[in-house]
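# Summary of structural features
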Amino acid sequence: MNLRALAGLALSWAFAQLSGIVNQYAAVLAPSDPSTLTVDNPAFFSVGDRILVYQAKGATINTTNDNTYGDIIDIGGAGLFEFNKIAGISGNALTLQCPLTRPFNFSNPTTARIQVIKVSYHPGDVTITGTVTAPPWDGQKGGVVVIETEGTLTFAADIDVAGRGFRGGLRSQNNSGSGGCNANTYHGPYDDQGARKGESIAEPLNLNHTSYRGKAANGGGGGNAYDTGGGGGANYGTGGQGGWTTCASGIFACPGNNVANSGFGLGGASLSSYLNATNFRLFMGGGGGGGHQNNNQAGNGGNGGGVVIIRAASINGGGHQIIASGTQGIQNLENGCGQFGVNFAGNDGGGGGGAGGSIALFCNTFIGTLTADAQGANGHNCSSHLCSCRPDHGPGGGGGGGYIGFSTTTTPPNVNLLLSGGQHGIELTPASESVAGCNNSCNVNCPGTACQCSTGLNPTQCLPPGPQRLARGATSGAAGGVLYGISFTPYNACPLSEVSLRRWEVRSLPTGTLQHTWEITSSDSITAFSLRLRNIYSKDDYLYAPPASNQGSYEHALLPGVYEGLLTVRTAAGTTLNLGTKLIRHEIPFVWEANQLHISDSQGGAFYLYDPSGRLILTGQPPQT
């Protein structure tokens, strides 16, 4: 059995089980370098820990106040990740065993949002027994699940980081007197005229760049006055645009006297052009933009999906899922709506859907069925019948799909991929809307059962016929994608030493003792050796420490029974590794006592006794015990 040794791993029983939050997180706060990282809280880390360094942000965007706002100028270090291990801890400074090789932005880690994650590492087989997740991304850390095993990762439950990525934008501040048609403002402060943009790989320049309709890289733009929808977040797939309102927005205030030119939130920008198998990055899904409101009933943008990284010798899916999808925003709708904790809008603009996140599977052997889900979330519906509504509000745009990376060259058999973009929201008023159902300010120019414009106005300027009558111009998010042939080597700064267990034999001797004989090859010398035996019935544990050596033999007394054995070594480099497990049946079939040979066998099988020359001198059937 060939296993790759990792430094400083805690001794643990071979059959690990995972559930809940399995990683620990710390934000990098001070200017650092590739060898030393200063973090907010080192309490969860120890020397020798296996860690992942991950940069969530760092992109530079166009900040011109027009529809190019939010275009990506430079991706920077956004999405970079690299494995390492901790060589020392002094105060809040973590010294790494190997200098990092990827171009992280250590000069300003707080803007780049770099975090250190303690990896859930397992030298042997491991089973997910309860849903594994991560803390939601809080602007500094969280949102990532990372698991490594040298054995098989078996799913008996899901990994779920849906909505744990970049955060959705808040709906605008409420102002019942707001109106008009603000189509020309693409960034501004958070106020009653523009909702917040969804969070993204680009940190806002300042408070004057947090809101309004312009996208922010892969974050959806917020809806502008009056009652427009927020744009969907993006990842691999582009986010959908938010919906525009109807005549109530003040048709003659809109460019070209057309509400289709109103200030709906723009969808987030696709990151697909920054992804390739040889320089792989992992992006959180972009947040959806918030909707505009004047009745305190708009929708917040949805959160993007988080990140999942798995390295394993094999994966047994067991019919379960890895979920890194985006989500819809949840809010309370007031002012007569009386709906709380819902995912739609009332008499105001809907929020955009969050984009799907990203999944990296460094594994070449897949068993059973596994579903990988990085779908974008739907945009909000609006004008809900649960509220006392009027039909003139913009729905939210759909979130873009995320992506999945495989170390294989094709999608493994029985791995199902869910990568669709989220659907745009719709306006929920009846299809055969009567004049009475239209907003009063719209009735003047839009008589008729379809609420279309009268002579002199283009029908598209008010409620359009057909499907767009409900979509109000909102669009769905684009689908995500797949990358193949990603290699683990470029993202592991410290080369892993090779340790091979060539032989481990166990014999019950006539004296009643147990004898272990082993042979190990390693690039490092063996400095410590341990044998742990657990009785499978009584669960009693016995721990032995033979002399450290790459090969040798060791005897010890042990009560008869059946045991699970675990062989562990430590190398000169500080590596602790569980090398192998074995089921040991210690029944003492024969004992030499008072010049007599006592033979027993619980199975009642025949025995054959030979002299040193190999001559058969006795055979028989011992009594069963």
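Residue positions are given per chain, counting from 1 as you read along its sequence in written order. Note on the predicted model: pLDDT of at least 70 is required for a residue's local features to be given, and 80 or more for side-chain atom pairs to be given and counted; whole-chain, interface and lining totals, by contrast, use all residues. Hydrogens and water are ignored here; the side-chain numbers use all heavy atoms of the structure.

Attention now moves to the overall build of the protein. Looking only at helices and strands, one finds 3 helices and 35 strands in the protein. Nonlocal contacts in the protein, meaning residues at least 24 apart in sequence, comprise 73% of its contacts between residues at least 6 apart. To be clear on the numbers: accessible area is Shrake-Rupley with a 1.4 Å probe, and residue cover counts the displayed protein chains and nothing else. Carbon and sulfur atoms form 51% of the exposed surface of the protein, whose accessible area is close to 23200 Å². Strands here are runs of E lasting at least two residues and helices are runs of H or I lasting at least four, both read from the DSSP assignment and numbered beginning at the N terminus. Contact between two residues is taken to exist if any of their heavy atoms lie within 4.5 Å; hydrogens are not considered.

Sheet architecture is open: 6 strands sit in the order β3-β10-β5-β8-β9-β4, paired in antiparallel fashion. The open sheet terminates on both sides in strands that have one partner only, identified here as β3 (24-27) and β4 (36-38). Direction aside, neighbouring strands of the sheet carry axes that sit 40° apart on average. One requirement defines pairing of two strands: DSSP has to find at least two bridges between them. Here strand β5 (residues 50-55) pairs with strand β10 (residues 114-118) via 5 bridges, running antiparallel. Paired with L52 across the strands is I117, a residue of β10. Every axis in this analysis is a line fitted to C-alpha atoms, fitted for helices over the stretch in contact. Angles between the N-to-C directions lie between 0 and 180 degrees.

A sheet is described by the order of its strands in space; here 4 strands give the open sequence β28-β27-β30-β31, paired in antiparallel fashion. Edge positions in the open sheet fall to β28 (541-544) and β31 (576-586), since each of these has one partner strand only. On average, adjacent strands in this sheet sit at an angle of 20° to one another, irrespective of strand direction.

Alignment of strand β14 (residues 159-160) against strand β16 (residues 320-323), held across 2 bridges, turns out to be parallel. By the bridge assignment for β16, D160 is matched with I323. Pairing of β16 with strand β21 (residues 370-373) involves 4 bridges; the strand directions are parallel. What sits directly across from Q321, in β21, is T371.

The next subject is the side chain of R113. Looking at the element boundaries, R113 is found in the loop between α1 (109-112) and β10. Buried, partly exposed and exposed residues are distinguished by accessible area as a fraction of the type maximum, computed with a 1.4 Å probe on protein chains only: under 20%, between the cut-offs, and over 50%, respectively. On the accessibility criterion, R113 (17% relative accessible area) is buried. At a separation of 2.8 Å, a polar atom in the side chain of R113 contacts the main-chain carbonyl oxygen of T110. Not counting the four nearest positions on each side in its chain, R113 is found in contact with Y54, Q55, A56, K57, W137, G139, Q140 and E203. Residues adjacent in sequence count toward polar contacts only when both atoms are side-chain atoms; beyond that, a polar contact is any pair of N or O atoms within 3.5 Å, and within protein one must be able to donate a hydrogen and the other to accept it.

Detailed reading of predicted coordinates is not advised where the pLDDT is low. When pLDDT is averaged along the protein, the result is 85, and 83% of the positions lie at 70 or above. Along the chain, pLDDT gives the predictor's confidence residue by residue, from 0 to 100. Ignoring residues within four places in sequence, the model shows residues 1-14, a span with pLDDT below 50, making 62 contacts including any to other chains. Low pLDDT, under 50, characterises residues 430-462; the stretch is placed with 61 contacts to residues that sit more than four places away or in other chains.

Our focus in this paragraph is the state of the cysteines. Whenever a pair of cysteine sulfur atoms sits within 2.5 Å, that pair is classed as a disulfide. What the rule picks out here adds up to 1 disulfide. Through a disulfide, C98 is tied to C494; the S-S separation comes to 2.1 Å. Taking the sign of the S-S torsion, 130° for the link of C98 and C494, the bridge is right-handed. With a gap of 396 residues between them, C98 in the loop between β9 (93-96) and α1 and C494 in the loop between β24 (481-483) and β25 (498-508) connect regions that are remote in the sequence. Its relative accessible area of 14% is what places C98 among the buried residues. On the basis of relative accessible area, C494 is assigned to the buried category, the value being 1%.

Below, the discussion takes up the nonpolar core. In these notes, a set of buried Ala, Val, Leu, Ile, Met, Phe, Trp, Tyr and Cys residues joined through side-chain atoms within 4.5 Å is what counts as a nonpolar core. Formed by 93 residues in total, the largest nonpolar core has its most connected members in L52, Y54, F81, I159, I201, I309 and I310. Not counting the four nearest positions on each side in its chain, I309 is found in contact with L52, F81, F83, V145, V146, I147, L282, A360 and F362. Within the second largest apolar cluster, 17 residues are counted, among which are F45, V53, F106 and A112.

Moving on to the environment of C254. Positionally, C254 belongs in the loop between β14 and β15 (307-316). Placed 71 residues apart in sequence, C254 and A183 show a C-alpha to C-alpha distance of 7.0 Å.

Here we come to the pattern of salt bridges. Note on definitions: salt bridges are taken to be side-chain nitrogens of Lys or Arg within 4 Å of carboxyl oxygens of Asp or Glu. This model, assessed by the stated rule, comprises 16 salt bridges. One salt bridge connects R472 with E427, and the closest N-O pair in it is separated by 3.4 Å. Residue R472 is located in the loop between α3 (468-471) and β24, and its partner E427 is located in the loop between β23 (415-418) and α2 (440-443); the two are separated by 45 residues in the primary sequence. Close ionic contact of E519 with R502 constitutes a salt bridge, the shortest N to O distance being 3.7 Å. With a gap of 17 residues between them, E519 in strand β26 (residues 513-522) and R502 in strand β25 connect regions that are remote in the sequence.

This paragraph deals with the packing of aromatic side chains. Stacked, edge-to-face and tilted are the three classes for Phe, Tyr and Trp ring pairs, Trp counted by its six-membered ring, which pair at centre distances within 6.5 Å; planes under 30 degrees apart are stacked, over 60 edge-to-face, the rest tilted. Summed over all chains, the structure comprises 14 aromatic pairs. Centre to centre, the rings of F280 and Y403 are 6.2 Å apart; their planes meet at 90°, and the pair counts as edge-to-face. Here F280 is found in the loop between β14 and β15, whereas its partner Y403 is found in strand β22 (residues 403-406), with 123 residues between them in sequence. With respect to burial, F280 and Y403 carry one shared label: buried.

All right, on to unusual backbone geometry then. That bond from A225 to Y226 is cis: its omega, 25°, falls within 30 degrees of zero. Here Y226 lies in the loop between β14 and β15. A positive phi angle, near 55°, is found at A217, a position not held by glycine. You can see A217 is positioned in the loop between β14 and β15. A positive phi angle is found at K539, which is not glycine, with a value near 65°. Mapped onto the elements of the fold, K539 is located in the loop between β27 (526-535) and β28. Residue classification places K539 among the exposed positions, given a relative accessible area of 54%.

Time to look at the side chain of Q297. For Q297, the location among the structural elements is in the loop between β14 and β15. If sequence neighbours within four positions are ignored, Q297 has contacts with R171, L333, E334, N335, G336, C337, A345, G346, N347, D348 and C387.

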